[in-house]
Amino acid sequence: MRVPVPLPEAYRLLNHGPVTLVTAAHAGARNVMAAAWAMPLDFDPPKVAVVIDANTYTRKLVEAAGEFALNIPCAAIAANVIKAGSASGRDIDKFVFAGLTPFPAQCIGAPLVARCVAWLECRVLPRPDNEKRHDLFLAEVVAAQADDSVFRDGHWQFSDDSDENLRTLHYYGGGHFATTGKTISVAEA
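The shown structure was predicted, so the numbers you read here are calculated from the model rather than taken from an experiment.

In this structure, what is going on with the nonpolar core? I would like to understand it.
Counting 33 residues, the largest nonpolar core has Leu13, Val50, Phe68, Leu70 and Leu120 as its most contacted members. Mapped onto this core, the elements with two or more residues apiece are β2 (20-26), β3 (29-35), β5 (46-51), α1 (57-65), β6 (67-72), β9 (118-124) and β10 (136-147). For Leu13, the contacting residues outside a window of four places in its chain are Val5, Pro18, Ile72, Ala118, Trp119, Leu120, Ala144, Gln145, Ala146, Phe151 and Trp156. With 20 residues, the next largest nonpolar core counts Ala69, Ile108, Val113 and Trp119 among its residues.

Explanation requested: unusual backbone geometry in the structure shown.
Excluding glycine, residues mostly carry a negative phi; peptide bonds, for their part, are mostly trans. Of the consecutive residues Asp44 and Pro45, the connecting peptide bond is found in the cis state with omega at 5°. Relative to the elements of secondary structure, Pro45 occurs in the loop between β4 (38-43) and β5. Notably, Arg115 is not glycine yet its phi reads approximately 70°, a positive angle. Of the residues examined, Arg115 reaches a relative accessible area of 51% and is grouped as exposed. Positive phi values are uncommon outside glycine, yet Asp135 reaches one of about 60°. Position of Asp135 relative to the elements: it lies in the loop between α4 (128-134) and β10. The exposure class assigned to Asp135 is buried, which follows from its relative accessible area of 16%.

Looking at this structure, how should I read the environment of Ala178?
Topologically, Ala178 is positioned in strand β14 (residues 176-179). With 10 residues separating them along the chain, Ala178 and Thr168 place their C-alpha atoms 8.4 Å apart. For Ala178, the residues in contact, after removing those within four places along its chain, are Thr168, Leu169, His170 and Tyr172.

What is the right way to read the side chain of Arg167 from this model?
Tracing the backbone shows Arg167 in the loop between β12 (155-156) and β13 (169-173). Among the polar contacts listed, one links the side chain of Arg167 to the backbone oxygen of Thr180, at a separation of 2.7 Å.

Quick question: what am I supposed to make of the packing of aromatic side chains here?
Pairs of aromatic rings are described using the distance from one ring centre to the other and the angle between the two planes. Within the structure shown, the criterion is met by four aromatic pairs. Seen in terms of ring centroids, Phe151 and Trp156 are 5.2 Å apart; in terms of plane orientation they differ by 75°. Their pairing is edge-to-face. You can call Phe151 buried: its relative accessible area is 3%. Take Trp156: its relative accessible area is 12%, and that puts it in the buried class. Each ring, one from Trp156 and one from Phe158, has its centre 5.4 Å from the other, and the planes form 10°; the classification is stacked.

Any chance you could explain the layout of surface pockets here in plain terms?
To find leftover empty space, a probe the size of one water molecule is rolled over the atoms. By volume, the second largest pocket amounts to about 160 Å³. Looking at the second largest pocket, it is lined by 14 residues, and the ones nearest its centre are Met33, Thr56, Gly85, Ala87 and Lys94. When residues of the lining of the second largest pocket are traced back to their parent elements, those giving at least two are β3 and α1. Per element, the largest residue contribution to the lining of the second largest pocket is three residues, and it comes from β3.

Thresholds, definitions, all that
- Residues numbered from 1 in each chain as written.
- Predicted model: local features only at pLDDT ≥ 70, side-chain atom pairs only at ≥ 80, totals over all residues.
- Heavy atoms only, no water.
- Core = buried A, V, L, I, M, F, W, Y, C linked by side-chain atoms within 4.5 Å.
- Buried < 20%, exposed > 50% of the residue type's maximum accessible area, 1.4 Å probe, protein only.
- Helix = DSSP H or I, 4+ residues; strand = E, 2+ residues; numbered from the N terminus.
- Contact = heavy atoms within 4.5 Å.
- Polar contact = N/O pair within 3.5 Å; in protein donor to acceptor, adjacent residues only side chain to side chain.
- Phe/Tyr/Trp six-rings, centres within 6.5 Å; stacked < 30°, edge-to-face > 60°.
- 1 Å grid on protein atoms, 1.4 Å probe; cavity = no way out; pocket = protein on both sides within 12 Å on 5 of 7 lines; lining within 4 Å.
- Points joined across faces, edges and corners; volume = space filled by probe spheres on them.

Below is the structure:
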């Protein structure tokens, strides 16, 4: 079951550095792409940064719509993530090609991806120089959700007995991923 995540805690959905699926839509067109370079920037209001190459179809849709979603996939859909990153959406429906199921977002027009474990809906904070020079998009998170079997009480809940299929992915390149490992807790000083 998806549960709302308070926006001041939304950064924690990305803070552990997972691979993301960026989704965007505009004027009846939609696309999904894999992106490893996404990160939280601020707490309240929550902000994120993501690199979206100028040559991608997703970039064209993000620029036109001014919004996108960051979907946090898990090990169960690793093969789908690779497929989403291996073709252009200009000529095909990448959701169909990659075997990904879209569903409506709460606050934006971009679809979200089913079977992920977290979702951040984002509105672009226009910074044309950063976007052009560095392919870097800054955005405010306007809604966030997570699967409560792995994200509760504001924290990821990975342990030795966690479902391996629900662990988030970390891309090493060449079709190789690592999954999030065991969580340890250390008292804050």
